[in-house]
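The chain contents come next:
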Amino acid sequence: MSGEISRGTARTVITLEGLTKRFGNLTAVDQVSLELRENEFFALLGPSGCGKTTLLRMVAGFERPDEGRVLLDGKDISGLRPNRRPINLMFQSYALFPHMSVWKNVAYGLEMEGVGGADLKRRVGEALEMARLTDYAGRKPNQLSGGQRQRVALMRALVKRPRVLLLDEPLAALDRKLREEMQLELKRLQTEVGITFVVVTHDQEEALVMADRIALLDRGRLVQIGRARAIYERPATRFAAGFIGVM
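Below you will find a few notes about this structure.

Parameters at a glance
- Residues numbered from 1 in each chain as written.
- Predicted model: local features only at pLDDT ≥ 70, side-chain atom pairs only at ≥ 80, totals over all residues.
- Heavy atoms only, no water.
- Helix = DSSP H or I, 4+ residues; strand = E, 2+ residues; numbered from the N terminus.
- Buried < 20%, exposed > 50% of the residue type's maximum accessible area, 1.4 Å probe, protein only.
- Polar contact = N/O pair within 3.5 Å; in protein donor to acceptor, adjacent residues only side chain to side chain.
- Contact = heavy atoms within 4.5 Å.
- Pairing = 2+ DSSP bridges.
- Axes fitted to C-alpha atoms, helices over the stretch in contact; angles between N-to-C directions.

### What to know about the environment of Asn 25
Step number 1: Mapped onto the elements of the fold, Asn 25 is located in the loop between strand 1 (12-23) and strand 2 (26-37).
Step number 2: In sequence terms Asn 25 and Gly 146 are 121 residues apart; their C-alpha atoms lie 38 Å from each other.

Printed below as a string of structure tokens:
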């Protein structure tokens, strides 16, 4: 399925309504409302401590909002546990099982759901081929490069066919050259699988290269949302002008 979509007619998949999260006296996320569209690559951008990861964790179900709602296809899922949501979160550390082969790592989530036999082999095989990992199926994570481990973690999440894939600073552990290569690789994979990707990043260039739209956050608040070029050319605040202006 192609990731190319008509931006004017793309259906909303996730709606965030006034999401707020407090930790003691600190308001980490403050009344954030936005919509995530079907098959788009969306970036949550901002400096460290602006609330990006907390917002992502509320979408995934690992944090409960103090106020507001998370809607999936118009249905309130705010009270659902993470394993009850058709949403996967890929952690920054990748969290691969070191004792398992690449094949077993990718297959793990499907096996936990009871998928087996020919269907399991087909789906894992297709995922490995898409990520150009077929020749590495029998290797362990410590025998792979950083970029290969990143692709294994990505395929383990994608093979379950979630409606939305959340990525928390997915390229932060890679060196600059590999990070630039993986930006394009992530965009290629998102286009091929045709699902909604939401990536958290503090890197303006990363958001510009990968994202269809960007939400810029500062101190828990949504400052501006739109296409990268529109935010760059028409910043809504002095903060937006300064932060995006370094691209």
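Picking up after the structure, the text goes on.
### Concerning the side chain of Arg 213
Step number 1: Of note, Arg 213 is situated in strand 9 (residues 213-218).
Step number 2: The class for Arg 213 is buried, based on a relative accessible area of 11%.
Step number 3: Engagement of the side chain of Arg 213 in a polar contact is seen with the backbone oxygen of Glu 35, the distance being 2.7 Å.
Step number 4: Not counting residues within four places of it along the chain, the set of residues in contact with Arg 213 comprises Glu 35, Leu 36, Arg 37, Glu 40, Phe 41, Phe 42, Ala 43, Ile 225, Gly 226 and Arg 227.

### Comments concerning the pairing of strand 9
Step number 1: For strand 9, a buried count of six out of six residues is recorded, marking the element as mostly surrounded by other parts of the structure.
Step number 2: Pairing of strand 3 (residues 41-45) with strand 9 involves four bridges; the strand directions are parallel. Counted as the bridge partner of Phe 42 is Arg 213 from strand 9.
Step number 3: Relative to strand 10 (residues 221-226), strand 9 runs antiparallel, the two sharing five bridges.

### Points about the sheet that holds strand 1
Step number 1: Within the open sheet, the four strands sit side by side as 2-1-4-5. Their pairing is antiparallel. Edge strands, defined here as strands with exactly one partner in the open sheet, are strand 2 and strand 5 (75-76).
Step number 2: Looking at chain direction, strand 4 (residues 67-72) and strand 5 are connected through two bridges and run antiparallel. Looking across to strand 5, one finds that Leu 72 is bridged to Lys 75.
Step number 3: Of the strands in this sheet, strand 1, strand 2 and strand 4 touch helix 1 (residues 52-60), which is tilted by about 120° from strand 1.

### Notes on the environment of Asp 76
Step number 1: Structurally, Asp 76 can be placed in strand 5.
Step number 2: You can call Asp 76 partly exposed: its relative accessible area is 37%.
Step number 3: In this structure, Asp 76 is in contact with Arg 69, Val 70 and Leu 71, ignoring residues within four places of it in sequence.
Step number 4: A distance of 2.7 Å separates a polar atom in the side chain of Asp 76 from a polar atom in the side chain of Ser 78.

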